[in-house]
Amino acid sequence: MASPPLIEFRQVSKIYGESEAAIRALDHVDLAINAHEFVAIMGPSGSGKSTAMNILGCLDVPSAGDYIFEGIPTSGFDRSQLTLLRRHMLGFVFQGFNLLSRTSAVENVELPLIYRGMAVRERRERAREALALVGLTGREHHKTQELSGGQQQRVAIARAIVTEPALLLADEPTGNLDTKTSV
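None of the values given here were measured: they were computed from a predicted structure.

Asker: Please provide a residue-by-residue account of the packing of aromatic side chains, values included.
Answerer: The relation between two aromatic rings is expressed through the spacing of the ring centres and the mutual angle of the planes. Tallying each qualifying case throughout the model produces two aromatic pairs. Measuring from ring centre to ring centre gives 5.4 Å for phenylalanine 92 and phenylalanine 94, while their planes differ by 5°; the resulting arrangement is stacked. Assessed through its relative accessible area of 14%, phenylalanine 92 is described here as buried. A relative accessible area of 25% means that phenylalanine 94 is categorised as partly exposed.

Asker: I'd love a proper account of the packing of helix α3 (residues 105-115) against helix α5 (residues 149-161), names of residues and values included.
Answerer: Packing of α3 against α5 brings their axes to within 7 Å, and their N-to-C directions diverge by 30°. Classed by the angle they form, the pair α3 and α5 counts as roughly parallel. Taken as a pair, α3 and α5 cross one another with a handedness that is right-handed. In contact with Ala105, Asn108, Val109 and Pro112 of α3, α5 contributes Val155, Ala158 and Arg159.

Asker: Outline the pattern of salt bridges, supporting the account with residue identities and numerical values.
Answerer: As enumerated under the stated definition, the model contains five salt bridges in all. For arginine 24, the salt bridge goes to aspartate 27, with nearest N and O atoms at 3.3 Å. The salt bridge involving glutamate 110 is made with arginine 123; its shortest N-O contact spans 3.9 Å. Taken as a pair, glutamate 110 in helix α3 and arginine 123 in helix α4 (residues 120-133) lie far apart in primary sequence, 13 residues in all. For glutamate 110, a relative accessible area of 3% puts it in the buried group. In this structure, a network of salt bridges that share partners links the residues Glu110, Arg123 and Arg124.

Asker: Could you give me a rundown of a negative patch on the surface, with the residues and numbers involved?
Answerer: A contiguous patch of negative charge on the surface is contributed by Glu122, Glu125, Glu129 and Glu164. Mapping glutamate 125 onto the fold places it in helix α4.

Asker: Give me the side chain of threonine 103: which residues, what numbers.
Answerer: Tracing the backbone through its elements, the reader meets threonine 103 in the loop between β5 (90-93) and α3. One polar contact links the side chain of threonine 103 to the main-chain carbonyl oxygen of leucine 100, over a distance of 3.0 Å. Setting aside residues no more than four positions away along its own chain, threonine 103 makes contact with Asn108, His142, Lys143 and Thr144.

The rules we used
- Counting restarts for each chain: residues are numbered from 1 in the order of the written sequence.
- Only residues with pLDDT of at least 70 are given local features in this predicted model, and only at 80 or more are side-chain atom pairs given and counted; all residues enter the totals for whole chains, interfaces and linings.
- To get the side-chain values, take all heavy atoms of the structure and skip hydrogens and water.
- Stacked, edge-to-face and tilted are the three classes for Phe, Tyr and Trp ring pairs, Trp counted by its six-membered ring, which pair at centre distances within 6.5 Å; planes under 30 degrees apart are stacked, over 60 edge-to-face, the rest tilted.
- Only protein chains enter the accessibility calculation, which uses a 1.4 Å probe. A residue is then buried if its area is under 20% of the maximum for its type, exposed if over 50%, and partly exposed in between.
- A fitted line through C-alpha atoms represents every axis, and for helices the fit uses only the stretch in contact; the resulting angles, taken between N-to-C directions, go from 0 to 180 degrees.
- In this text, helices come from DSSP runs of H or I with a minimum length of four residues, and strands from runs of E with a minimum of two, each type numbered from the N-terminal end.
- Angle categories: roughly parallel below 35 degrees, roughly antiparallel above 145, roughly perpendicular from 65 to 115, and oblique for all the rest.
- With the far helix as reference, a near helix turned anticlockwise by less than a right angle produces a left-handed crossing, and one turned clockwise produces a right-handed crossing.
- In this description, contact between two residues means that some pair of their heavy atoms is separated by no more than 4.5 Å.
- Salt bridges are defined by distance alone: a side-chain nitrogen of Lys or Arg within 4 Å of a carboxyl oxygen of Asp or Glu.
- Each patch is built from salt-bridge-free residues with over 30% relative accessible area, joining like charges within 9 Å and nonpolar side chains (Val, Leu, Ile, Met, Phe, Trp, Tyr) within 5 Å.
- In short, Shrake-Rupley with a 1.4 Å probe defines the accessible areas, and a residue's cover is counted only from the protein chains shown.
- Under the counting rule used here, the positive set is Lys and Arg, the negative set is Asp and Glu, and His together with the chain ends is not counted.
- Every charge is mapped to an atom, namely NZ of Lys, CZ of Arg, CG of Asp or CD of Glu.
- Any pair of nitrogen or oxygen atoms within 3.5 Å is treated as a polar contact; in protein, a donor-acceptor pairing is required on top of that, and neighbouring residues in sequence qualify only through side-chain atoms on both sides.

This is the structure we're talking about:
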């Protein structure tokens, strides 16, 4: 028996505003993505990509339709359940990095592990390993403002992968990387 898709939209719509001012960002979207698939959602500005990503990341909810994660509809989840889903199953690479400016690269990468309650030694080791994966060995203790834009983006990627999430969501994750690094 086949397992359900990792994530699924069933007739998902998202409407902002009301009556004449209503904007339909998503209109009855169906989508199914299996575990281990790599999918890019592309389209022009204003086509609903960020809205879809926000719903997939449980940062927003659909106006209509169902978002199903690992076979479970999320529509019945309360805020704390959505927070737990984000904390334990999702990784985010935001276009604007969203790094803490007064902390080091390794401390930024450790942040999701702190929320999981992981012991200091283990989270520090995992954060260093994630930074090594993105080519930042030796830059672990540099503050955000001491890193180039491309290095900051790689810290954001390391922070997203350090928890080994079931779903990794990325909003233009290579936009600030140089050609050699982004390939």
